[in-house]
Amino acid sequence: MDGLNQLNLRVDSGLLYFAITQKTEQLTFLTPAGVMTTQQVRLNAGADGGVLKGYIDVNDSQVQLGVLEGGTMVVSTDKGNQEARSGKQITLALADPISEDDKKKMAAK
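As a starting point, this report considers the structure included with it. (Residues numbered from 1 in each chain as written. Predicted model: local features only at pLDDT ≥ 70, side-chain atom pairs only at ≥ 80, totals over all residues. Heavy atoms only, no water.)

1. Regarding the pattern of salt bridges
Argument step 1. Counted according to the given criterion, the structure contains four salt bridges.
Argument step 2. The shortest N-O distance in the salt bridge between Asp12 and Arg10 comes to 3.1 Å.
Argument step 3. Notably, a salt bridge pairs Lys53 with Glu69, separated by 3.6 Å at the nearest N-O pair. Highlighted residues: Lys53 in strand β5 (residues 52-58) and Glu69 in strand β6 (residues 62-69), separated in sequence by 16 residues.
Argument step 4. Note on Lys53: relative accessible area 29%, which makes it partly exposed.
Argument step 5. The exposure class of Glu69 is partly exposed, given its relative accessible area of 37%.
Argument step 6. Each of Arg42, Glu83 and Arg85 takes part in a single network of salt bridges with overlapping partners. (Salt bridge = Lys/Arg side-chain N within 4 Å of Asp/Glu carboxyl O. Helix = DSSP H or I, 4+ residues; strand = E, 2+ residues; numbered from the N terminus. Buried < 20%, exposed > 50% of the residue type's maximum accessible area, 1.4 Å probe, protein only.)

Written out as structure tokens, the structure reads:
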């Protein structure tokens, strides 16, 4: 990927499956837990049609980006570059929202 072209995909909740190739533009997932941007896609030798299949799952407590099959994907996050191989995932935890009572306590200090 040359970094000149980029696709931004906002995922606030739910499960989204995707398939990418080495020719796919740089893909950025914008989620409640942070931003994940593809840096590199390495396909397995003989991968099904040269495609990496994966998913992103956003729920109330975490965001998971996983590779189902086809190779390895390196993504950048706020914690640096992370690698997801076939059958593995990257998990980003959501911060607990501050309750109204906690906000009032903090404002009173």
